[in-house]
Amino acid sequence: MGVVKLKNLSQHLGLTEGTVSRALNDYPDISEKTRKRVQLAARELGYKPNSNARRLAKGITECIGYVLPASESHLSDPFLGELLDGLTDALSKRNWDLTVAVARSSDSELDIIDRLTRSGRVSGLIVSRTHTEDTRIDFLKKSNIPFVSHGRTADPAGFAWLDVDNEQAFFDAVTHLHALGHRRIAHIGGQETFNFARLRRHGYCKGLEACGLTYRTDYDLSSEMNDHAGFEAMQRLLTLDEPPTAVACVTDMVALGAMRAIRDAGMEPGREISVIGYDGIPVGQHSNPPLTTMAQPLTRAGRRLGDMLLAVIDGQAPGETQELWRAELVRRQTDGPPV
């Protein structure tokens, strides 16, 4: 038999096409015995349902949207690549599709979300890199479309989200460096309009306090979250009369730029100056030397975001769909005792 169609399957089973279709789409008016019989025959005969017909039968669009946050790097960002890998994996298990839209600015990102929400082309949305005060979240909470955010806002109530405990991660990074013997620990952070950057800085400050270290404004810098900005920030730290012996960086890309500045100054990251990044992106394993990082499971997070959004679409309460994970310290070769 060539391509197996719904008609072939219904003839094989001796059932009407309508009954077979409703059994394949899990309609409640079909008995469990018939449903199992139909689904078993479909697998044995190699029947592949027409996705458009299935979606029309169910009355939903089996597609979710992800609006790529405004950034200079866009799809080249390894953070987003890992996240999207996991997300597409989760959706493929239910034969759902993913629409990715690229925003060129913060304003256009909101316009894209508005357009996707009204278009009927997606049944849910995922947003990421949340802001402390986030107009996207405010807009989506007032809309009727299910959504999940990768990250929280300053007020995390009333919507579905998955986040990593950013504050705890940088507290752990600082106390780890202190345990190695460091007393001059700097921080290259991100713009605090991003909630995760704000929380990571809070964790840095709390870590200093817990270790009995004095906070220094000249050790606490803010930068764009790319390697060039990390390079420039580290250069500033190296010009201080008393440079730090260790630095905790808001992302791995910032940390890789900081390492380049350290090497350009004739020093070795992990020996003269320790560096800890955040994210756990694969490129950090292959840096020179390999980067120590506070790793978050990006691919697993993508899968979980997909599962959470599908659960919300299926009727789970958004306010009860919230998870906070913990980052893991992955030691490689850029953290060591001060020389």
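Predicted model, so just to flag it, every value in this text is computed and none were measured. (Residues numbered from 1 in each chain as written. Predicted model: local features only at pLDDT ≥ 70, side-chain atom pairs only at ≥ 80, totals over all residues. Heavy atoms only, no water.)

This brings us to the overall build of the chain. Assigned secondary structure in the chain consists of twelve helices and twelve strands. Counting only C-alpha atoms, the chain reaches 85 × 40 × 35 Å along its principal axes. Per-residue burial over the chain gives 47% buried out of 339 residues. Taken as a whole, the chain presents about 16000 Å² of accessible surface, with 48% of it coming from carbon and sulfur. Of the charged side chains in the chain, 40 are positive and 44 negative, and the gap between their average positions amounts to 8 Å. (Helix = DSSP H or I, 4+ residues; strand = E, 2+ residues; numbered from the N terminus. Buried < 20%, exposed > 50% of the residue type's maximum accessible area, 1.4 Å probe, protein only. Areas by Shrake-Rupley, 256 points an atom, 1.4 Å probe, with all protein chains shown as cover. Lys, Arg positive; Asp, Glu negative; His and termini not counted. Charge placed at Lys NZ, Arg CZ, Asp CG, Glu CD.)

Right, let's talk about the sheet that holds strand 11 (residues 322-325) for a bit. If you walk across this open sheet you meet the six strands as 2-1-3-4-5-11, and the pairing is parallel. Of all the strands in the sheet, just strand 2 (97-102) and strand 11 have a single pairing partner and so form its edges. Within the sheet, the average angular offset between the axes of one strand and its neighbour, ignoring direction, is 15°. Bridge count between strand 5 (residues 160-164) and strand 11: four bridges; the pairing is parallel. What sits directly across from Asp163, in strand 11, is Leu324. Running at roughly 160° to strand 3 (residues 124-128), helix 7 (residues 135-142) makes contact with strand 3 and strand 4 (147-150) of the sheet. (Pairing = 2+ DSSP bridges. Axes fitted to C-alpha atoms, helices over the stretch in contact; angles between N-to-C directions. Contact = heavy atoms within 4.5 Å.)

With that out of the way, let us pick up unusual backbone geometry. Along the chain, Asn288 connects to Pro289 via a cis peptide bond; the corresponding omega equals -5°. Structurally, the position occupied by Pro289 is in the loop between strand 9 (274-279) and strand 10 (292-295). Phi at Asn95 takes a positive value of approximately 60°, unusual for a residue other than glycine. Along the chain, Asn95 turns up in the loop between helix 5 (78-92) and strand 2. For Arg129, which is not a glycine, the phi torsion comes out positive at approximately 50°. Looking at where Arg129 falls in the secondary structure, it is placed in the loop between strand 3 and helix 7.

Moving on: the environment of Gln316. Mapped onto the elements, Gln316 comes out in the loop between helix 12 (298-313) and strand 11. For the pair Gln316 and Ala248, spaced 68 residues apart in sequence, the C-alpha to C-alpha distance is 38 Å. The contacts of Gln316, once residues within four sequence positions are left out, are Ala311 and Thr321.

Our next topic: the pairing of strand 3. Counted residue by residue, strand 3 has five buried out of five residues, so it is predominantly covered. Of the two faces of strand 3, the one holding Gly124, Ile126 and Ser128 and the one holding Leu125 and Val127 are both buried throughout. As paired elements, strand 3 and strand 4 share four bridges and run parallel to each other. The residue of strand 4 that forms the bridge with Val127 is Ser149. Once the chain exits strand 3 it traverses helix 7 before rejoining the sheet at strand 4, and the crossover so formed is right-handed. (Right-handed = clockwise from strand over helix to strand, strands pointing away.)

Moving on, we come to the pairing of strand 5. Within strand 5, five of the five residues are buried, which leaves the element mostly enclosed by the surrounding structure. The side-chain alternation of strand 5 yields two buried faces, one formed by Ala160, Leu162 and Val164 and the other by Trp161 and Asp163. Inspection of the sheet shows strand 4 paired to strand 5 by three bridges, in the parallel sense. Note on strand 5: the bridge partner recorded for Ser149 is Trp161.

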